[in-house]
Amino acid sequence: MSDLAKPKEVAWYEPEYGGVHNVWVAGDTLYMGAYNAGFMAFDVSGELRGNLRSQGRIMAQLNPTDPQGFLPNSPMTWGVVVKNNLAYVNDFNNGLFIVRLEPRREELAPPVP
């Protein structure tokens, strides 16, 4: 945000399975706990132009389920905290998951015949 007195919407994400809680931004990555949709990470670098999903900005998604969970295989991801390049994803029903995102690798061009 460049002007605290006049915030301007530049991007959004509409959850598919419930709400979103505890958004965290580190560098050019936005991390979120998305309740029933689990953990999500978005690329927020460059110019943002509306819907993050339709722009193809989802970098990672994890549905933290566990057959031995409090409510088996039912995510309820409350939030995420990022520290030392690790995302600590806390889920009410299934416990703590630790995620490491690797930098994107550029696709290699096909070999020239």
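Reference entry: report on the structure contained in this document. Throughout, a residue's number is its position along its own chain's written sequence, starting from 1. Only residues with pLDDT of at least 70 get local features here, since the model is predicted, and only at 80 or more are side-chain atom pairs given and counted; chain-wide, interface and lining totals rely on the full set of residues. Excluded from the side-chain calculations are hydrogens and water; all other atoms, namely the structure's heavy atoms, are used.

## Some details on the sheet that holds strand β8 (residues 86-91)
Stage number 1. Strands were regarded as paired on the criterion that DSSP finds at least two bridges between them. We count a stretch as a helix when DSSP gives it H or I for four or more residues in a row; a strand needs E for two or more, and each element gets its number in order from the N terminus. Taken in spatial order, the 3 strands make up an open sheet running β7-β8-β9, and their pairing is antiparallel. The outermost strands of the open sheet, each flanked by one partner alone, are β7 (77-83) and β9 (95-100). Neighbour-to-neighbour, the strand axes of this sheet turn through a mean angle of 20°, independent of strand direction.
Stage number 2. Relative to β9, β8 runs antiparallel, the two sharing 6 bridges. Along β9, the bridge assignment pairs Val-89 with Phe-97. Lines fitted to C-alpha atoms define the axes here, with helix axes fitted over just the stretch in contact, and angles between the N-to-C directions of these axes take values from 0 to 180 degrees.

## A closer look at the environment of Ala-37
Stage number 1. Positionally, Ala-37 belongs in the loop between β3 (29-33) and β4 (39-43).
Stage number 2. As a C-alpha pair, Ala-37 and Pro-64 span 27 residues in sequence and 8.8 Å in three-dimensional space.
Stage number 3. When checking whether two residues touch, look at their non-hydrogen atoms; a contact exists if any pair is within 4.5 Å. Not counting residues within four places of it along the chain, the set of residues in contact with Ala-37 comprises Tyr-17, Gln-61 and Leu-62.

## Considerations on the layout of surface pockets
Stage number 1. Approximately 240 Å³ is the volume found for the second largest pocket.
Stage number 2. For this classification, Asp, Glu, Lys and Arg are treated as charged, while Ala, Val, Leu, Ile, Met, Phe, Trp, Tyr, Cys and Pro are nonpolar and the rest, including Gly, are polar. Class assignment of the residues belonging to the lining of the second largest pocket gives a composition of 3 nonpolar, 1 polar and 3 charged. Buriedness of a pocket was judged along seven lines, with at least five required to meet protein on both sides within 12 Å; pockets are open sets of points on a 1 Å grid over the protein atoms alone, cavities are sets where a 1.4 Å probe fits but cannot get out, and lining residues have an atom within 4 Å of a point. Grid points are joined across faces, edges and corners, and a volume is the space filled by probe spheres set on the points.

## Overview of the pattern of salt bridges
Stage number 1. A pair is scored as a salt bridge if a Lys or Arg side-chain nitrogen falls within 4 Å of a carboxyl oxygen belonging to Asp or Glu. Applying the stated criterion across every chain, the model contains 2 salt bridges.
Stage number 2. Its salt-bridge partner being Glu-16, residue Arg-53 comes within 2.9 Å of it at the nearest N-O pair. Of this pair, Arg-53 sits in the loop between β5 (50-51) and β6 (58-62) while Glu-16 sits in the loop between β1 (11-12) and β2 (21-26), placing them 37 residues apart in sequence.
Stage number 3. The buried label goes to any residue with under 20% of its type's maximum accessible area, the exposed label to any with over 50%, and the partly exposed label to all in between, with areas taken from a 1.4 Å probe on protein chains only. You can call Glu-16 partly exposed: its relative accessible area is 46%.
Stage number 4. With its nearest N and O atoms 4.0 Å apart, the salt bridge here joins Asp-43 to Arg-57. Of the two residues, Asp-43 is situated in strand β4 and Arg-57 in the loop between β5 and β6; the sequence distance between them amounts to 14 residues. The same class applies to Asp-43 and to Arg-57, which are both buried.

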